[in-house]
Amino acid sequence: MGTPAPSQNTEQSYDLVVVANRLPVDRITNPDGTQGFRRSPGGLVTALAPIMAASDGAWVGWHGGVDEELESFDKDDIHLVPVPLSEDDLELYYEGFSNSTLWPLYHDVIVPPEYHRTWWDRYKKINQRFADAVLKIAAPNATVWVHDYQLQLVPQMIRLARPDLKIGFFLHIPFPAASLFSQLPWRTQILQGLAGADLVGFQREADASNFLRCLRRFTDYSTKGDVATPPADNQMQNLCRAKAHPISIDTEQIAKLSRDPQIIARAAQIRNELGNPKTVILGVDRLDYTKGIRHRLKAYGELLADEQLRAGDVCLIQVASPSRENVDTYMELRDQVELMVGQITGQHDTLSHTTLRYLHQSYPLREMISLYLAADVLLVTALRDGMNLVAKEFVAAHQDGRGVLVLSEYTGAADQLTQAVLVNPHDIDGMKDKIIQAVNMNEAEQEKRMRRMNRHLKVNTVARWSEVFLAELAEISAASSTDAIVR
């Protein structure tokens, strides 16, 4: 496959348009040296690809290249519309406002957000660029589904230009309480941007409630139940509904891979390479300050120092995927984590056994399933997380009923995987107790918990998530078109 050819019909319109910061493809180099693209493995792509293929949908997003403009092209029955970004755009809009202002603010100010007007100005400019790309291809009365915190102004921009469109928005990360959101100098503009959508989806009920409270407090919208109503003089006259629509995983795919003989053999090999400890504990995270990796390592190190856990009996595998490595707070976090890893292994490893295997790299899905199967306990100790799909993947991989999930209360997954061992990651002593509880849990208790969580995941798949959201958006839009706003 070579470089995508330009679209032959630049005037074609689409009934379903998905808008996200990234296109659902990764750039590759073909064997003949030419450049091409292949589908990304992410959960959002898995959820939407069948729906978009069936409806002849289009996806608007950045293609990953810097200072490069590409024509629209088709890939796997999806029309892809690349949005160009420059080096300055990435610095100001993406690394700046999106990831150094909004990300820390929306994750409970674990690190202080930075507020710079130049970042905000570029965020507005890039959001308008995405909105303009949508407006060029959206058919009359089309459905437009906008995703995540990088594009929160897009719904309003589209609404003002095309009131006929059905607009949905989904926030994949948490939405902060009003006391935190109030810090944002551009809080009203962000809220009005989101309110341009007919339906705003969140991971948790608490996030939807936070959004509605902020609308009441910082704008002139009124709210009743899950519906926000604009004042009579507002340019946008759509009702905006805010509801929880927790995202999930492709449960069937994970379960199928967990039964693959090669993956099962690889899991056994992993345990063997670790010296076949009695218990393998696993952590899988992006190297991000929201994930609570330092808290987890502190608790684990103290358990080894207290001799509640011993080298040879236990090994922790910590996968920490590289993330935003040019950002100061992330470079500092990496240094801190690697120092803690060195202290633990230096103090507790023996010549024949390691207590901690630290892996600062990313792995393909098949290897991740092998790691899930090799592990007896998964530690998810995020200080704040919209959902955490790793927790759901671990459960889905253990169709045998074995394994224990230790799950932070501050993840969206905690609302659904209620049979997990729930933990407050800020409470180091409490976390130590929960880890010991997980290590010592008998097989009957493990199976009972896993069976209940798997039952939930088999019904609530990522495909069902997208179908339910789009069906509700269609229903809401149909009702809005026939009912005038009652004042």
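Predicted model, so just to flag it, every value in this text is computed and none were measured.

Undergrad: Lay out the pairing of strand 1 (residues 14–22) in plain terms, naming residues and giving numbers.
TA: By the criterion of burial, strand 1 is predominantly enclosed, with 7 of the 9 residues buried. Judged from the 5 bridges that link them, strand 1 and strand 7 (residues 138–147) form a sheet pairing that is parallel. Residue pairing in the sheet places Y14 in a bridge with A138 of strand 7. In the sheet, strand 1 pairs with strand 4 (residues 58–62) via 4 bridges, with the strands oriented parallel. When the bridges of strand 4 are listed, V18 appears paired with W59.

Undergrad: Report on the pattern of salt bridges, specifying residues and quantitative values.
TA: Here the idea is simple: oppositely charged side chains can pair when their charged atoms come close. Evaluation of the coordinates by the stated rule reveals 30 salt bridges. Of the charged contacts, one joins D89 and R129 as a salt bridge, the two residues approaching to 3.0 Å between their closest N and O atoms. In this pair, D89 sits in helix 2 (residues 87–106) while R129 sits in helix 3 (residues 117–137), placing the two residues 40 residues apart along the sequence. By relative accessible area, which is 3% here, D89 ends up buried. Overall, the relative accessible area of 24% leaves R129 in the partly exposed class. As a salt-bridge pair, K298 and E302 come within 3.5 Å of each other at their nearest N and O atoms.

Undergrad: So what about a negative patch on the surface? Which residues, and what values?
TA: A contiguous patch of negative charge on the surface is contributed by D15, D56, D74 and D77. For D74, the position within the fold is in strand 5 (residues 73–75). Overall, D74 belongs to the exposed group, its relative accessible area being 59%.

Undergrad: Can you explain the packing of aromatic side chains? Please cite residues and give values.
TA: This model, assessed by the stated rule, comprises 22 aromatic pairs. Taking the centre distance of 5.2 Å and the plane angle of 25° together, the rings of F37 and F73 count as stacked. Note that F37 is positioned in strand 3 (residues 35–39) and F73 in strand 5, a separation of 36 residues in sequence. Judged by relative accessible area, F37 falls into the buried class, the value being 3%. A relative accessible area of 5% places F73 in the buried class. Every member of this aromatic cluster is reached through a ring pair, and the members are Y93, Y94, F97, W120, Y123 and W186. In this structure, R22 is placed above the aromatic ring of W62, and the distance from its NZ or CZ to the ring centre is 5.0 Å. Positioned above the aromatic ring of W103, the side-chain terminus of R324 is 4.6 Å from the ring centre.

Undergrad: Go over the nonpolar core, please, and point to the residues and values.
TA: Core analysis: the largest hydrophobic core is formed by 100 residues, its most contacted members being V60, F175 and F211. Looking at this core element by element, the count peaks at 9 residues for helix 3. In contact with F211, other than residues within four places in its own chain, are F175, L191, L194, V200, F202, C240 and A242. Counting residues in hydrophobic clusters, the runner-up holds 65 residues, among them I78, A391, A413 and L457.

Undergrad: I'd like to hear about the sheet that holds strand 16 (residues 377–380), residue by residue, with values.
TA: Read from one edge of the open sheet, 6 strands run 15-14-13-16-17-18, paired in parallel fashion. In this open sheet, the two strands that pair with only one neighbour each are strand 15 (356–359) and strand 18 (421–423). Across the sheet, the axes of successive neighbouring strands diverge by a mean angle of 20°, strand direction being ignored. Two elements, strand 13 (residues 279–286) and strand 14 (residues 314–321), share 8 bridges in a ladder whose sense is parallel. Residue pairing across strands places L282 opposite I317, the latter belonging to strand 14. Against the sheet, helix 10 (residues 293–305) makes contact with strand 13, strand 14, strand 15 and strand 16, and its axis sits at roughly 165° relative to strand 14, the strand it touches most.

Undergrad: Please provide a residue-by-residue account of the side chain of S86, values included.
TA: Inspection of the secondary structure assignment puts S86 in the loop between strand 6 (78–82) and helix 2. On the basis of relative accessibility, which here comes to 19%, the residue S86 falls in the buried class. Contact partners of S86, with chain neighbours within four places excluded, come to V66, D67 and R122.

Undergrad: I'd love a proper account of helix 14 (residues 428–439), names of residues and values included.
TA: A rise of 1.5 Å per residue sets the reference length of helix 14, with its 12 residues, at 16 Å; its end C-alpha atoms lie 16 Å apart and thus fit the reference within 8%. All of the buried residues along helix 14 are I428, G430, M431, K432, I435, I436 and A438. The elements touched by buried residues of helix 14 are strand 13, helix 10, strand 16, strand 17 (404–408) and strand 18.

Undergrad: Describe in detail the pairing of strand 14, supporting the description with residues and values.
TA: Here strand 14 lies mainly inside the structure; 8 of its 8 residues are buried. Residue alternation in strand 14 divides its side chains into two sets, V314, L316, Q318 and A320 and C315, I317, V319 and S321, and both sets are buried. Handedness of the crossover is the feature at issue here: the chain leaves strand 14, passes through helix 11 (residues 328–348), returns alongside strand 15, and the resulting connection is right-handed.

Undergrad: Outline the sheet that holds strand 5, supporting the account with residue identities and numerical values.
TA: What holds strands together in a sheet is hydrogen bonding between their backbones, with the strands either parallel or antiparallel. Judged by pairing direction, the sheet is mixed, and its 10 strands sit side by side in the order 5-6-4-1-7-8-9-12-11-10 without closing on themselves. One side of each edge strand has no neighbouring strand; the edge strands of this open sheet are strand 5 and strand 10 (222–224). Going from strand to strand, the sheet's axes swing by 25° on average, the running direction of each strand aside. Two elements, strand 5 and strand 6, share 3 bridges in a ladder whose sense is antiparallel.

Undergrad: Can you break down the side chain of S258 residue by residue, with the values?
TA: Here S258 shows up in helix 8 (residues 251–258). Polar side-chain contacts of S258 include one of 2.6 Å to the backbone oxygen of A255. Here the side chain of S258 touches A397 through a polar contact of 3.3 Å, landing on its backbone oxygen. Among all residues touching S258, those that are not within four sequence positions of it are I264, I369, L373, A396, A397 and Q399.

Here is what the cut-offs are and how they apply
- Residues numbered from 1 in each chain as written.
- Predicted model: local features only at pLDDT ≥ 70, side-chain atom pairs only at ≥ 80, totals over all residues.
- Heavy atoms only, no water.
- Buried < 20%, exposed > 50% of the residue type's maximum accessible area, 1.4 Å probe, protein only.
- Helix = DSSP H or I, 4+ residues; strand = E, 2+ residues; numbered from the N terminus.
- Pairing = 2+ DSSP bridges.
- Salt bridge = Lys/Arg side-chain N within 4 Å of Asp/Glu carboxyl O.
- Patch = residues over 30% accessible without salt bridge, like charges linked within 9 Å, V, L, I, M, F, W, Y side chains within 5 Å.
- Areas by Shrake-Rupley, 256 points an atom, 1.4 Å probe, with all protein chains shown as cover.
- Lys, Arg positive; Asp, Glu negative; His and termini not counted.
- Charge placed at Lys NZ, Arg CZ, Asp CG, Glu CD.
- Phe/Tyr/Trp six-rings, centres within 6.5 Å; stacked < 30°, edge-to-face > 60°.
- Lys NZ or Arg CZ within 6 Å of the ring centre and 35° of its normal.
- Core = buried A, V, L, I, M, F, W, Y, C linked by side-chain atoms within 4.5 Å.
- Contact = heavy atoms within 4.5 Å.
- Axes fitted to C-alpha atoms, helices over the stretch in contact; angles between N-to-C directions.
- Expected span 1.5 Å × (residues − 1).
- Right-handed = clockwise from strand over helix to strand, strands pointing away.
- Polar contact = N/O pair within 3.5 Å; in protein donor to acceptor, adjacent residues only side chain to side chain.

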